[in-house]
Structures are given as structure tokens and as C-alpha cells.
Amino acid sequence: MTEARRDELDAIDPGWCPAWDTGWRRCYRLVQNHVQAGGTLPETAGDVVVQGEGLGRWVNAQRFGWEQLLPVQQWLLENTLKVTPAREEERPVKRTQDHVGPGRTGMGTRIGPSANSG
């Protein structure tokens, strides 16, 4: 891309970045427009749908996928929309074998002879 073309794009949208997925940029702008128009930051999937985009779902995806975002994306979310990464207590508990005690399945059922076996 030529420097002149990059300057033109920067004049239209200073936050433009070719490394970002256009879908990310689109949803960011939709959320930003919604908030600037007086709406509250959507936080739950299905809260706000604009042009077919679930803005609450997108905001949550950014919060829970914070580590995959570029630093400048994190900065934009924090400083323009007040979106922050999900806190540890908000994250779903990941079930692992560590949660399964000896003699139990992951469903809490006991493994071994039943009371009716002889």
C-alpha cells in the first residue's frame, strides 16, 4: 500500500489498521456509535443487535479473549468504550481431571461395585 493511500485512510479513520480483521473494526464502530448515541455498553449476548451484529456478544468476546487482542485494540477498548478484560472470577470454571476425585466420574458418580451386586 502506498504511503499516500495510507494517509487517505488515516484521514477517514485514524484508528484504521490493516492488521485488524474488518469484522472487528465494524463491531467496534457499531458499539462506539451505540454508546455515543446515549446507549449503555451492551454486556449480555442478545442485549443489542445492530445491523445483524450482536454487540453484547462481541463485547464479551473481547473481554474474554483480551490476551488475543493487539495492544492498540486493548487500548481502544479501555479508553474509548471503558471495556476491560474479564476478571478471573467472571471466567467459567474449566473442568479438568483435577476436579474428579478418586473413585468418581466427572459427574460426581461413584465408580465401583453397586450396593445390589453380590
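Thresholds applied
- Residues numbered from 1 in each chain as written.
- Predicted model: local features only at pLDDT ≥ 70, side-chain atom pairs only at ≥ 80, totals over all residues.
- Heavy atoms only, no water.
- Helix = DSSP H or I, 4+ residues; strand = E, 2+ residues; numbered from the N terminus.
- Buried < 20%, exposed > 50% of the residue type's maximum accessible area, 1.4 Å probe, protein only.
- Contact = heavy atoms within 4.5 Å.
- Areas by Shrake-Rupley, 256 points an atom, 1.4 Å probe, with all protein chains shown as cover.
- Salt bridge = Lys/Arg side-chain N within 4 Å of Asp/Glu carboxyl O.
- Axes fitted to C-alpha atoms, helices over the stretch in contact; angles between N-to-C directions.
- Parallel < 35°, antiparallel > 145°, perpendicular 65-115°, else oblique.
- Core = buried A, V, L, I, M, F, W, Y, C linked by side-chain atoms within 4.5 Å.

(A) Seen up close, the overall build of the protein chain. The helix and strand inventory of the protein chain stands at four helices and two strands. Taken from N to C terminus, the helices and strands of the protein chain fall in the order α-α-β-β-α-α. Within the protein chain, buried positions represent 26% of all 118 residues. Sequence separation of at least 24 residues holds for 38% of the intrachain contacts in the protein chain that already meet a minimum separation of 6. Taken as a whole, the protein chain presents about 8,400 Å² of accessible surface, with 53% of it coming from carbon and sulfur.

(B) Representation of the pattern of salt bridges within the structure. Summed over all chains, the structure comprises four salt bridges. Linking Arg-63 and Glu-90 is a salt bridge whose minimum nitrogen-to-oxygen distance equals 2.7 Å. In this pair, Arg-63 is assigned in helix H3 (residues 55–64) and Glu-90 in the segment after helix H4 (71–81), connecting sequence segments 27 residues apart. Glu-90 is paired through a salt bridge with Arg-87; the nearest N and O atoms lie 3.7 Å apart. On the accessibility criterion, Glu-90 (28% relative accessible area) is partly exposed.

(C) Geometry of the packing of helix H2 (residues 22–36) against H4. Two elements in contact, H2 and H4, have axes separated by 11 Å at closest approach and are oriented at 10°. In terms of axis orientation, H2 runs roughly parallel to H4. In contact with Trp-24, Arg-25, Tyr-28, Val-31, Gln-32 and Val-35 of H2, H4 contributes Gln-73, Leu-76, Leu-77, Thr-80 and Leu-81.

(D) Representation of unusual backbone geometry in the model. The phi torsion at Lys-82 lies on the positive side, around 65°, for a residue other than glycine. Within the secondary structure, Lys-82 sits in the segment after H4.

(E) Here's a closer look at the nonpolar core. Formed by 16 residues in total, the largest nonpolar core has its most connected members in Trp-24, Tyr-28, Val-31, Trp-58, Leu-77, Leu-81 and Val-83. At the level of elements, H2, H3 and H4 are the ones that each hand at least two residues to this core. Broken down by element, the residue count for this core peaks at five residues, all from H2. With residues near it in sequence (within four places) discarded, Val-83 still touches Leu-41, Val-59, Arg-63, Trp-66, Leu-77 and Glu-78.

From the geometry alone we can't say anything about function, so treat these as descriptive.
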